[in-house]
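Given next are the chains, with one letter for each unit.
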Amino acid sequence: MDRETREEIERLKRERNAVILAHYYASPEVQDIADHLGDSLGLSRLAAASDADTIVFAGVHFMAETAAILCPDKTVLSPAPDAGCSLADSISAARLAAWKAGYPDGIVVSYVNTSAAVKALTDWCCTSANAVKVVQGLPEGRPILFGPDRHLGSHIMRLTGRKMELWDGVCTVHDRISREMVEDALREWPDADILIHPEAGCSDDAGLNANPRVIFASTAGMLRHAASSRAVTFVVATEEDTIHQLKKENPGKTFIPVAPGICCGEMKKVTVRNVLECLRYGTGKVVLDEDIRARAMLPIKRMLEIG
Ligand code: 13P
Ligand code: SF4
């Protein structure tokens, strides 16, 4: 990026008292202009703690919406409001309400990759970083309705031993990551650790879960593992641009994508240009119905409070 654009971004940020938050799946040039990077959990925390007046959220729309739910007094701008998510799109408030009606005593746990309207009908939110903790803390003897990601759901059932009813949604990006792909990587890179996001299509595989070289982790968990592991080579089974930050933080180590093209096109709708437009013109303001926002805040707050 040229110096002028960078200086213009800095000037506009000062003018608006704005901060740019970006997910690790954003394109490398967007990651490089962000004030803070994070996984879904980290970014929710950053949004809640920020003292900026404006948050420009470089991620798909549900992420900007989550920040707006948590920060009613701030302006949250979404550079690409049409950037969707196959998981968030797999469940609507009406379909969740119908599912819940079959389990009057049920506890609804929703992945943070959901709309505000779905969160408003949810008891607990979770991310891939804290789903185990959230589910372990739930009372026994009541049905748990977990959605929308069935791969994450089965992975969590395996780790916690808790039985859950699963919504049949998948992330179309991670769903492509198969056991065969990972087994090929294990053979091809015998000294590498294999980092797999629990949204992956193979995250419930018994053999992979038992393999000490396989680490299931959220994106931030992958960064922590890469920094602390003695391994120098890592195969990365999540959105490919996560490797940008992994390389930056671990210059002496090697990161290899598990397969070419594991890429979330929706995340790439955020560009330096539309981030600049947000800062310049205040475009992409997230506006939520206040009743939905207030109800959606409760399950997110519960999630943040468990640490
Ligand atoms: P995390 O940020 O929780 O690792 O989730 C990945 C994801 O798919 C976000 O859309
Ligand atoms: Fe949604 Fe999957 Fe893209 Fe994450 S990677 S934003 S879950 S479509």
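Below: a short report on this structure. On a predicted model such as this, the values are computed, not experimentally measured, just so you know.

Strand order across the open sheet formed by four strands is β10-β9-β11-β12, with parallel pairing between neighbours. With one partner strand each, in any of the chains shown, β10 (214-216) and β12 (254-257) form the two edges of the open sheet. Here the strands of the sheet are splayed against their neighbours by 25° on average, with no regard to which way each runs. Sheet topology places strand β9 (residues 193-196) next to strand β11 (residues 233-237); four bridges connect them, and they run parallel. Each residue of the ladder has a partner; that of I194, found in β11, is V235. The strands touched by helix α13 (residues 242-249) within the sheet are β11 and β12, with β12 carrying the most contacts at an inclination of about 170°.

With that settled, the discussion passes to the site of ligand 1. Around ligand 1, the structure places 13 residues, and the nearest of them are H23, S40, S128, H197 and E199. Within the side chain of S128, one N or O atom sits 2.9 Å away from an oxygen atom of ligand 1. Here H197 contributes a side-chain N or O atom positioned 2.8 Å from an oxygen atom of ligand 1.

The subject of this paragraph is the side chain of T242. Examined against the element boundaries, T242 turns out to sit in helix α13. The residues contacting T242, other than those within four sequence positions of it, are Y24, Y25 and T219.

One pass over the structure, following the stated rule, counts two aromatic pairs. Relative to W167, the ring of W99 lies with its centre 5.1 Å away and its plane at 65°, an arrangement referred to as edge-to-face. Of this pair, W99 sits in helix α6 (residues 93-101) while W167 is found in the loop between β8 (165-166) and α10 (179-188), placing the two residues 68 residues apart along the sequence. Judged by relative accessible area, W167 falls into the buried class, the value being 11%. Directly above the aromatic system of W124 lies the positively charged group of R302, at a separation of 5.8 Å from the ring centroid.

This part takes up the pairing of β11. Remark: a regular strand shows side chains that alternate across the two faces of the sheet. The buried fraction of β11 is high, at five of five residues. Across the two faces of β11 the burial is the same, with T233, V235 and A237 and F234 and V236 all buried. Strand direction decides the pairing type here: β11 and β12, joined by four bridges, are parallel. Across the sheet, residue V236 finds its bridge partner in β12, namely P257. Taken together, β11, α13 and β12 form a β-α-β motif whose crossover is right-handed.

Further remarks concern the site of ligand 2. Neighbouring ligand 2 are Y25, V60, C85, S86, L87, N113, C171, H174, E199 and C264. Here the residues of the shell around ligand 2 are counted per class, giving six nonpolar, three polar and one charged.

A word on the sheet that holds strand β6 (residues 124-126). In spatial order, the strands read β6-β5-β7-β8; together these four strands make up an open sheet with parallel pairing. The two strands at the open ends of the sheet, each matched to only one other strand, are β6 and β8. Contacting β5 (107-111), β7 (144-147) and β8, α6 crosses the sheet at an angle of about 155° to β7.

Let us now look at the packing of helix α1 (residues 3-16) against helix α14 (residues 272-281). It is the contact of α1 with α14, at a shortest axis distance of 9 Å, that shows an interaxial angle of 35°. The element α1 and its partner α14 pack so that their crossing is left-handed. Counted together, T5, E8, I9, L12, K13 and R16 of α1 and V272, L276, C278, L279, R280 and Y281 of α14 form the full contact between these two elements. In terms of residue class, the contact of α1 with α14 is built from seven nonpolar, one polar and four charged.

Rules used in this analysis
- Residues numbered from 1 in each chain as written.
- Chains lettered and ligands numbered in written order.
- Predicted model: local features only at pLDDT ≥ 70, side-chain atom pairs only at ≥ 80, totals over all residues.
- Heavy atoms only, no water.
- Pairing = 2+ DSSP bridges.
- Helix = DSSP H or I, 4+ residues; strand = E, 2+ residues; numbered from the N terminus.
- Axes fitted to C-alpha atoms, helices over the stretch in contact; angles between N-to-C directions.
- Contact = heavy atoms within 4.5 Å.
- Near = heavy atom within 4 Å.
- Polar contact = N/O pair within 3.5 Å; in protein donor to acceptor, adjacent residues only side chain to side chain.
- Phe/Tyr/Trp six-rings, centres within 6.5 Å; stacked < 30°, edge-to-face > 60°.
- Buried < 20%, exposed > 50% of the residue type's maximum accessible area, 1.4 Å probe, protein only.
- Lys NZ or Arg CZ within 6 Å of the ring centre and 35° of its normal.
- Right-handed = clockwise from strand over helix to strand, strands pointing away.
- Nonpolar A, V, L, I, M, F, W, Y, C, P; charged D, E, K, R; others polar.
- Left-handed = near helix turned anticlockwise from the far one by under 90°.

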